[in-house]
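Notes for the structure review
Letter by letter, the chains look like this.
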Amino acid sequence: MRRELLASKKKETGLSLDPRTKLALLITIALFVLSGGGGAASKQFAPILAAVPLILLLTEKSWKGSVIYFVLYGGSYILQLWALPHLSGLPNFLVVAICGLCRGL
């Protein structure tokens, strides 16, 4: 019997962080972005902080998840920039609510 058949091989998964570390990082970022604790300065750092989950997905080589995240975030950002100046009333509220949920603003 060969030894290498019984030996476990370490997967090459990129950045290897403990799942508890990733969870704590994502909860901290979500609380900071959603609460607006930084005041006006937090609006400038929100896109940077929102890129952290994308980076974590890319380091785990989760291509499908990273594309979905990028499309949702980018789509809500573009929708907010393009549609909000032209809408009023209930449609405006719905776009703000959807973009707020997707972007965390």
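Above this text you will find the structure in question.
On a predicted model such as this, the values are computed, not experimentally measured, just so you know. (Residues numbered from 1 in each chain as written. Predicted model: local features only at pLDDT ≥ 70, side-chain atom pairs only at ≥ 80, totals over all residues. Heavy atoms only, no water.)

**Here's the deal with the overall build of the protein chain**
A count of helices and strands for the protein chain gives five helices and zero strands. The buried share of the protein chain, reckoned over its 105 residues, is 18%. Look at the contacts in the protein chain between residues 6 or more apart in sequence, and 47% of them connect residues 24 or more apart. As presented, the protein chain carries roughly 8,200 Å² of accessible surface, and 71% of it is formed by carbon and sulfur atoms. (Helix = DSSP H or I, 4+ residues; strand = E, 2+ residues; numbered from the N terminus. Buried < 20%, exposed > 50% of the residue type's maximum accessible area, 1.4 Å probe, protein only. Contact = heavy atoms within 4.5 Å. Areas by Shrake-Rupley, 256 points an atom, 1.4 Å probe, with all protein chains shown as cover.)

**Here's the deal with helix α4 (residues 63–83)**
Here α4 is 21 residues long and its end C-alpha atoms lie 29 Å apart, about the 30 Å a rise of 1.5 Å per residue gives. Within the sequence span of α4, burial applies to S66, Y73, G74, S76 and A83. (Expected span 1.5 Å × (residues − 1).)

**Observations regarding a nonpolar patch on the surface**
A cluster of nonpolar side chains, contributed by Y77, I78, L79, L81 and W82, occupies part of the molecular surface with about 550 Å² of accessible area. By the secondary structure assignment, I78 is in helix α4. The exposure class of I78 is exposed, given its relative accessible area of 56%. (Patch = residues over 30% accessible without salt bridge, like charges linked within 9 Å, V, L, I, M, F, W, Y side chains within 5 Å. Salt bridge = Lys/Arg side-chain N within 4 Å of Asp/Glu carboxyl O.)

**Remarks on helix α5 (residues 90–103)**
Taking 1.5 Å per residue as the helical rise, α5 with its 14 residues ought to reach 20 Å, and the 20 Å between its terminal C-alpha atoms agrees with that figure. Taken as a whole, α5 has its buried residues at V95, C99, G100 and R103. Projected down its long axis, α5 carries its buried residues within an arc of 130 degrees, all on one side. Across from the buried face of α5, at angles greater than 90 degrees, the exposed residues are L90, F93 and L101. The inward-facing, buried residues of α5 abut α2 (19–35) and α4. (Arc of directions from axis to C-beta.)

In short, the description is geometric, and any link to function would need to be established separately.
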